Protein chains: 2
Amino acid sequence: MRAETVTVGTEILLGQTVDSNAARLGQVLADCGVDHYHRQAVGDNVGRIAEAIQLALSRADLVVTIGGLGPTEDDTTREGVAKATGLPLVEHAETLADLEELFRRRNLTWLESQARQAHLPRGSEPIPNPNGTAPGLWLPLADGKVVACFPGPPREFNPMVETWLRDRLASLGHPPLVSITVRVTGIGESLVEEKLRDMLDSPLATVATYAKTAEVHVRVAAKGLAAAQTMAEAVRERLGPNVYALGSSTLPEVVVARLCDRRETLAVAESCTGGLLGGAVTSVAGSSDVFLGGFLAYSNGLKASLLGVAQSTLERRGAVSEECAVEMAQGAQRAAGADWAISVTGIAGPGGGSEEKPVGLVWIAMVGPSGCVAHRSLLPGNRATIRERAVARALNLLRLALD
Amino acid sequence: MRAETVTVGTEILLGQTVDSNAARLGQVLADCGVDHYHRQAVGDNVGRIAEAIQLALSRADLVVTIGGLGPTEDDTTREGVAKATGLPLVEHAETLADLEELFRRRNLTWLESQARQAHLPRGSEPIPNPNGTAPGLWLPLADGKVVACFPGPPREFNPMVETWLRDRLASLGHPPLVSITVRVTGIGESLVEEKLRDMLDSPLATVATYAKTAEVHVRVAAKGLAAAQTMAEAVRERLGPNVYALGSSTLPEVVVARLCDRRETLAVAESCTGGLLGGAVTSVAGSSDVFLGGFLAYSNGLKASLLGVAQSTLERRGAVSEECAVEMAQGAQRAAGADWAISVTGIAGPGGGSEEKPVGLVWIAMVGPSGCVAHRSLLPGNRATIRERAVARALNLLRLALD
């Protein structure tokens, strides 16, 4: 089967909206093994919509349109499909009744324009839209081809293609691939690729790497769950302890879960990250079971008064030093009464660097039940990415210690 | 002038990459008053690239391609242009010399495949690429139409279209609109729209609203700087103190700049935001001049021991209360020795809410040279958006006090 996408919306062409729906649709089609060679985008113009659909029907078996299904005058995809296929718009009684019922239930004022959403090209099957008023439509044509239309708001579009379209494609003999994300931190994408080189060409599963700011995600996709799991485990084994999760767990979630399992508590002492480490830990619902809190010791004065960093350390070694990081972590552990404490002090830039201590230099120290370790990093990037990477380094150090 | 976009890249059709370049290009074309009725995307296939360019040339005066200009075998946009236009690829000596020089300077190994980037359709003018190896190209055709090609990596693409393409379009009689962003916080998009309703239809300038998680941005665009400034000032006047900046300054930048002007210092005390407020303040380079640090008093124990919140307050009023917020801010001001301190305590969810204190309830308190205020909010959204909105509320309260 070959599919083609037609996105409808003047806001797309004006660049007011990035067409993330089309990317999502591309993933679903790829997962289901449907070929996808062309994508088009046109504005809210019946003639151009119809031409785009006709061109797509000349090249593909399934034409999927995105957007233009709402109740306003601008929403002209239904008219465009009718014009392209020669099938007139007819009122779909059940859809109209559903719409009227929805408005009654939500106590909304019914406007006559809402009824446009129930005018579908003759022969259309409406596609339920659990998050909006405009249904999609699935229109089989006499030559065996199909035009399918979905609404444009992502919170309506995404669940409809992720469930209804996947199911329909499966029923037509295109079951989706099963995919598992292997989540990696502490090594870069090129090293991950080098370690996985032979796996990237595997006939058993599709393996692809995606670089994030402080992580690499390896996506494994295969025709069945067993094949995907086998390959994901092989990737995990190859990459070793740099893999922090298979699936959807984030690095803070893994750290919080391990602390919960061990019934141990955590405190932080932050300088250059200024709160982002605590912010990451507390992004996890339920982190209050293990996270006590911490210290933003941004000024040297507060490093001394809140955390007990020695004046001699600040004067002789400086605030960005192994000694200062260790004293910060020890001070946080003591003041918060926590089992674990982790500190971050570094130079996030753009100013403040020197030859001896360049921008990107970060010291992380961790104290726990079995002692203290310190870790030096030289992180690339700008102020924002250096800080994000420092947070990931700190969390990863803790994760490895909690193993 | 009418333009059409052709994005090249199999990764785009597979949905591995969202085509944000095409949106950026759409903005530039719209700003320069160039009509833009069609966009296409095709994979890395010479035949399909050539067909897409031919179709685009049949409908538009300027065809802009994105991607497929690199040195690898997959990068076939140059071949596609040659095939579509019938103009052979010829070695562009100056471009080749520049490439070889670049590799020498960066101490990179020269691979023969790199030379492909200097093979341009006959008659092409290379477009300089300050951030990569592949130049773009501008190819005027015999019928007066033009094919322009740009590389796909956003850090190469964006500056090339924002500077070179804008300049070229201006020299062809399409000067860009001047745009100014009016940055608003503390009121929602629908209220902003209501207040600006007559301005949204103004013939003097384009005025459009964009909702962010905790802000609304109003983009004003007009044919000259004076018209844009006049309209932006009118928007600012209409919206009053909810406008925190005209231009590109962020809310934390405005707060830090005002503290710098006043030579006053800040400390924070965070509960539900867990460090995100400090993280926002320290996102600003140079914030160390005014930000001393703060306290992540996530547990009730630390609220008492670090900030001196009274046990009676925690027991009778609870941690999410006006009294607790005030005592947290006072404690942070005292312990840090700061001129200003601001505290945040709330229920970010998803658990922990009650009828009396629902998820989204946030108390913010601020102490400064002239006393103390507390502010109650009931914020919508999930855990992440409630926390982000709480940070914006806190910064905005401080901004208004610093006025």
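*Asks:* In this structure, what is going on with the overall build of chain A? I would like to understand it.
*Replies:* If you tally the helices and strands in chain A, you get 15 helices and 17 strands. Dimensions of chain A, computed from C-alpha atoms along their principal axes, come out at roughly 85 × 55 × 40 Å. Going through the 403 residues of chain A one by one, you find that 54% of them count as buried. Put simply, of all contacts in chain A between residues at least 6 apart along the chain, 66% involve residues at least 24 apart. Here chain A has roughly 16700 Å² of accessible surface; of this, 49% comes from carbon and sulfur atoms. Looking at chain A, you have 38 positive and 45 negative side-chain charges, and the mean spots of the two groups are 4 Å apart.

*Asks:* Can you help me understand the pairing of strand S8 (residues 146–150) of chain B in this one?
*Replies:* Strand residues, when the strand is regular, have side chains that alternate between the two faces of the sheet. Residues and elements named next belong to chain B. Counting buried positions over the five residues of S8 gives five, a clear majority of the element. Of the two faces of S8, the one holding Val146, Ala148 and Phe150 and the one holding Val147 and Cys149 are both buried throughout. Sheet topology note: the strand S7 (residues 136–140)/S8 ladder contains four bridges and is antiparallel. Of the residues in S8, the one forming a bridge with Trp138 is Ala148. Between S7 and S8, which follow one another and run antiparallel, lie five residues, and Gly144 among them has a positive phi close to 90°.

*Asks:* Looking at this structure, I do not really get the relation of the copies chain A and chain B. What am I missing?
*Replies:* Both copies of the chain are tied together by a single rotation about an axis and a shift running along it. Aligned on chain B, chain A shows an RMSD of 0.4 Å; the corresponding rotation is 180° and the shift along the axis is 0.3 Å. The superposition of one copy onto the other is thereby described by a two-fold rotation axis. By residue overlap, the copies meet face to face through one surface: 100% of the interface positions of chain A are interface positions in chain B.

*Asks:* Teacher, can you tell me more about the nonpolar core here?
*Replies:* The tendency in soluble globular proteins is for nonpolar side chains to be buried side by side. Core analysis: the largest hydrophobic core is formed by 72 residues, its most contacted members being Ile342 of chain A together with Ile342 of chain B. Once residues lying within four places of it in the same chain are set aside, the contact partners of Ile342 of chain A are Leu266, Ala267, Val268, Ala269, Leu277, Ile364, Ala365, Met366, Ala394 and Leu398 of chain A. Ala338 and Ala365 of chain A together with Leu292 and Ala297 of chain B belong to the second largest nonpolar core, which has 53 residues in total.

*Asks:* Can you walk me through the side chain of Thr77 of chain A in this structure?
*Replies:* In this fold, Thr77 of chain A is placed in helix H4 (residues 77–85). With residues near it in sequence (within four places) discarded, Thr77 of chain A still touches Val8, Ile49, Thr65, Gly67, Gly68, Leu69 and Cys149 of chain A.

*Asks:* Just checking my understanding: could you explain the packing of aromatic side chains for this structure?
*Replies:* Each aromatic ring pair is specified by the distance between its two centres and by the angle formed by the two planes. Within the structure shown, the criterion is met by nine aromatic pairs over all chains. Residue placement shows Arg168 of chain A over the ring face of Trp138 of chain A; its charged tip is 5.1 Å from the ring centre.

*Asks:* Looking at this model, I keep getting lost on the pattern of salt bridges. Mind explaining?
*Replies:* A side chain with one charge may pair with a side chain of the opposite charge, provided their charged atoms come close. All names here are of chain A. Going through the model one piece at a time under the given rule, you end up with 28 salt bridges over all chains. Between Arg262 and Glu264 there is a salt bridge whose closest N-O contact spans 2.8 Å. Overall, Arg262 belongs to the partly exposed group, its relative accessible area being 35%. Judged by its relative accessible area of 15%, Glu264 falls in the buried class.

*Asks:* I keep staring at unusual backbone geometry and nothing clicks. Help me out?
*Replies:* Most peptide bonds take the trans configuration, and most residues that are not glycine carry a negative phi. Residues and elements named next belong to chain A. A cis geometry characterises the amide bond from Gly349 onward to Pro350, with omega recorded as 0°. You can see Pro350 is positioned in the loop between strand S15 (340–346) and strand S16 (361–368). Backbone geometry at Asn107 places phi at a positive 60°, although glycine is not the residue there. Here Asn107 lies in the loop between helix H5 (93–105) and strand S5 (119–121).

*Asks:* Help me out: how do you make sense of the interface of chain A and chain B in this one?
*Replies:* A common way to express how large an interface is: the accessible area buried when the components associate. Contact residues are listed per partner, giving 55 residues for chain A and 55 residues for chain B. Roughly 4100 Å² of surface becomes buried between chain A and chain B when both sides are summed, with 59% attributable to carbon and sulfur atoms. Here chain A is connected to chain B by zero salt bridges. Put simply, chain A and chain B have 28 residue pairs in polar contact (both at pLDDT 80 or more) between them. Looking at side-chain class alone, the side of chain A that touches chain B contains 26 nonpolar, 23 polar and six charged residues. Relative to strand S2 (residues 35–42) of chain B, strand S2 (residues 35–42) of chain A is paired through five bridges, and the arrangement is antiparallel. Paired with Ala41 of chain A across the strands is Arg39 of chain B, a residue of S2 of chain B.

*Asks:* Hey, could you run me through the pairing of strand S16 (residues 361–368) of chain B in this one?
*Replies:* Residues and elements named next belong to chain B. With respect to burial, S16 is a largely interior element, eight of its eight residues being buried. Pairing analysis gives six bridges linking strand S15 (residues 340–346) to S16, with the strands arranged antiparallel. Among the inter-strand pairings, Thr345 is bridged to a residue of S16, identified as Trp363. As paired elements, S16 and strand S17 (residues 371–378) share eight bridges and run antiparallel to each other. The partner of Gly368 across the bridge, within S17, is Gly371. The antiparallel hairpin formed by S16 and S17 contains two residues in its connecting segment.

*Asks:* Explain the environment of Asp61 of chain B here, please?
*Replies:* All names here are of chain B. Relative to the elements of secondary structure, Asp61 occurs in the loop between helix H3 (46–59) and strand S3 (62–66). Under the relative-accessibility criterion, Asp61 is labelled partly exposed at 35%. In this structure the C-alpha to C-alpha distance between Asp61 and Ala3, which are 58 residues apart in sequence, comes to 5.9 Å. Apart from residues lying up to four places away in sequence, Asp61 is in contact with Met1, Arg2, Lys145 and Val146.

*Asks:* How do you make sense of the sheet that holds strand S9 (residues 178–185) of chain A when you look at a structure like this?
*Replies:* Note on sheets: strands pair through backbone hydrogen bonds, and any given pair is parallel or antiparallel. Residue and element names in this part refer to chain A. Here we have four strands laid out as an open sheet, ordered S10-S11-S9-S12, and antiparallel in their pairing. Lying at the two open borders of the sheet, with one neighbouring strand each, are strand S10 (206–211) and strand S12 (243–246). Mean inter-strand twist for the sheet, computed between neighbouring axes without regard to direction, equals 20°. Where S9 and S12 come together, three bridges link them in antiparallel fashion. Paired with Val184 across the bridge in S12 is Val243.

*Asks:* Quick question: what am I supposed to make of the packing of H3 of chain B against helix H4 (residues 77–85) of chain B here?
*Replies:* Geometry of a packed helix pair, given as the angle between the helix axes and the separation of the axes. Residues and elements named next belong to chain B. Packing of H3 against H4 leaves a shortest axis separation of 8 Å and a crossing angle of 55°. Taken together, the axes of H3 and H4 are oblique relative to one another. Relative to H4, H3 is oriented so that their crossing is right-handed. On H4, the residues that touch Val46, Gly47, Ile49, Ala50, Ile53 and Gln54 of H3 are Thr77, Glu79, Gly80, Val81, Lys83 and Ala84.

*Asks:* What exactly am I supposed to notice about the confidence of the model for chain A here?
*Replies:* Detailed reading of predicted coordinates is not advised where the pLDDT is low. Here chain A averages 95 in pLDDT, and 100% of its residues register 70 or above. As a predicted assembly, this complex carries a pTM of 0.85 together with an ipTM value of 0.84.

*Asks:* Would you mind going over the sheet that holds strand S3 (residues 62–66) of chain A with me for this structure?
*Replies:* Across the sheet, which stays open at both edges, the twelve strands sit in the order S6(A)-S7(A)-S8(A)-S3(A)-S1(A)-S2(A)-S2(B)-S1(B)-S3(B)-S8(B)-S7(B)-S6(B) with mixed pairing between neighbours. Of all the strands in the sheet, the pair left with one neighbour each is strand S6 (125–127) of chain A together with strand S6 (125–127) of chain B. Across the sheet, the mean angle separating the axes of adjacent strands is 15° when strand polarity is ignored. Note that S6 of chain B and S7 of chain B share three bridges and pair antiparallel.

*Asks:* Would you take a moment to explain the domain arrangement of chain A for this structure?
*Replies:* Split into domains, chain A comes out as domain 1 (2–171), domain 2 (178–246) and domain 3 (251–401). The C-alpha-based centres of domain 1 of chain A and domain 2 of chain A are spaced at 35 Å.

What counts and what doesn't
- Residues numbered from 1 in each chain as written.
- Chains lettered and ligands numbered in written order.
- Predicted model: local features only at pLDDT ≥ 70, side-chain atom pairs only at ≥ 80, totals over all residues.
- Heavy atoms only, no water.
- Helix = DSSP H or I, 4+ residues; strand = E, 2+ residues; numbered from the N terminus.
- Buried < 20%, exposed > 50% of the residue type's maximum accessible area, 1.4 Å probe, protein only.
- Contact = heavy atoms within 4.5 Å.
- Areas by Shrake-Rupley, 256 points an atom, 1.4 Å probe, with all protein chains shown as cover.
- Lys, Arg positive; Asp, Glu negative; His and termini not counted.
- Charge placed at Lys NZ, Arg CZ, Asp CG, Glu CD.
- Pairing = 2+ DSSP bridges.
- Least-squares fit on C-alpha atoms with pLDDT ≥ 70 in both.
- Core = buried A, V, L, I, M, F, W, Y, C linked by side-chain atoms within 4.5 Å.
- Phe/Tyr/Trp six-rings, centres within 6.5 Å; stacked < 30°, edge-to-face > 60°.
- Lys NZ or Arg CZ within 6 Å of the ring centre and 35° of its normal.
- Salt bridge = Lys/Arg side-chain N within 4 Å of Asp/Glu carboxyl O.
- Buried area = accessible area lost by both parts, 1.4 Å probe.
- Polar contact = N/O pair within 3.5 Å; in protein donor to acceptor, adjacent residues only side chain to side chain.
- Nonpolar A, V, L, I, M, F, W, Y, C, P; charged D, E, K, R; others polar.
- Axes fitted to C-alpha atoms, helices over the stretch in contact; angles between N-to-C directions.
- Parallel < 35°, antiparallel > 145°, perpendicular 65-115°, else oblique.
- Left-handed = near helix turned anticlockwise from the far one by under 90°.
- pLDDT = per-residue confidence, 0-100.
- Domains from an automatic or database assignment.

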